[in-house]
Amino acid sequence: MSDHHHDHASEPGSPLAETDLRVRALESLLVEKGLVDPAALDAVIDTYETKVGPRNGARVVARAWVDPAFRARLLADATAAIAELGYMGRQGEDMVALENTPKVHNLVVCTLCSCYPWPVLGLPPVWYKSAPYRSRAVLDPRGVLREFGVELGDDVEVRVWDSTSEMRYLVLPERPAGTEGMSEEALAQLVTRDSMIGVAKVTPPARGGPR
Ligand code: FE
């Protein structure tokens, strides 16, 4: 994997390492002066991890579920199809969509660092960057999936995809049963970040539950 160049890495001397240091210095100064509440900063980061970023990917998935022509374009050239919805930019230049089926489950990892498709998923969650996930996703993908609550039958093939700066992946999860007739917008609400990394399935809306 010698071609695994990661321009978001934090090697000393790289531009991002310097930016990172400056951000940290600024943050501690602002907190020290009482100008910023660290909890508020965490809340902002959490918003981009779990809400703003992944909503883009969720719209891509929902469109693919309702529009077979778009789905075909997404699977043929994900970068171009995703750009149709206006999502493009850094860390999303070379996208590949991976379709989950009843017989194939795709799981995405970056074994060396934290390569992640920013335009469709936002910021990577902490566990995605953690050493245990990065190694165990490859060594024991079924065990990892079980810990995330996904139990797969022996007849399901698990494919693990190692992200690099050359290739970023978006899992196209299976559309859950019982969602026929739901609008594209309502479907997008069902799609979680984790389902697009491949550590979760999309679950149908609870019967009679709050919408
Ligand atoms: Fe990486």
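Residues numbered from 1 in each chain as written. Predicted model: local features only at pLDDT ≥ 70, side-chain atom pairs only at ≥ 80, totals over all residues. Heavy atoms only, no water.

(A) A look at the overall build of the protein. A tally of regular secondary structure across the protein gives 10 helices and four strands. The buried share of the protein, reckoned over its 211 residues, is 39%. Of the contacts made within the protein by residues no fewer than 6 positions apart, 69% connect residues no fewer than 24 positions apart. Total accessible area on the protein is roughly 11500 Å²; 57% of this is exposed by carbon and sulfur atoms. (Helix = DSSP H or I, 4+ residues; strand = E, 2+ residues; numbered from the N terminus. Buried < 20%, exposed > 50% of the residue type's maximum accessible area, 1.4 Å probe, protein only. Contact = heavy atoms within 4.5 Å. Areas by Shrake-Rupley, 256 points an atom, 1.4 Å probe, with all protein chains shown as cover.)

(B) Region of the structure containing the coordination of the iron ion. At the metal site, the iron ion is ligated by Cys 110 (SG), Cys 113 (SG), Cys 115 (N) and Cys 115 (SG), and these contacts range over 2.0 to 2.7 Å. Classification of the site at the iron ion as irregular follows from its four donor atoms and the range of 79 to 130 degrees in their angles at the metal. Each donor residue of the iron ion lies on the same chain, and together they follow the pattern C-x2-C-x1-C. In this structure Cys 115 comes out as buried when scored by relative accessible area, which is 0%. (Donors = N, O, S within 2.8 Å, 3.2 Å for Na, K, Ca; no water. Tetrahedral: all angles 85-135°; square planar, octahedral: opposite > 155°, others 65-115°.)

(C) Here's a closer look at the side chain of Gln 91. Relative to the elements of secondary structure, Gln 91 occurs in the loop between α4 (78-84) and β1 (95-99). The exposure class assigned to Gln 91 is buried, which follows from its relative accessible area of 3%. One polar contact links Gln 91 to Arg 168, side chain to side chain, over a distance of 2.5 Å. (Polar contact = N/O pair within 3.5 Å; in protein donor to acceptor, adjacent residues only side chain to side chain.)

(D) Seen up close, a nonpolar patch on the surface. A cluster of nonpolar side chains, namely Val 44, Ile 45, Tyr 48, Val 52 and Leu 123, defines an oily patch on the protein surface of about 420 Å² accessible area. Structurally, Leu 123 is set in the loop between α5 (118-121) and α6 (126-129). Classification of Leu 123 as partly exposed rests on a relative accessible area of 36%. (Patch = residues over 30% accessible without salt bridge, like charges linked within 9 Å, V, L, I, M, F, W, Y side chains within 5 Å. Salt bridge = Lys/Arg side-chain N within 4 Å of Asp/Glu carboxyl O.)

(E) Highlighting the pattern of salt bridges. Applying the stated criterion across every chain, the model contains 10 salt bridges. As a salt-bridge pair, Arg 136 and Glu 147 come within 3.1 Å of each other at their nearest N and O atoms. In this pair, Arg 136 is assigned in helix α7 (residues 131-139) and Glu 147 in helix α8 (residues 141-147), connecting sequence segments 11 residues apart. A residue is classified by how much of its surface remains accessible, and Glu 147, at 60% relative accessible area, is exposed. When the shortest N-O distance is used, the salt bridge between Glu 151 and Arg 146 registers 3.1 Å. A relative accessible area of 47% places Arg 146 in the partly exposed class. A single network of salt bridges, built from pairs that share partners, joins Arg 136, Asp 140 and Glu 147.

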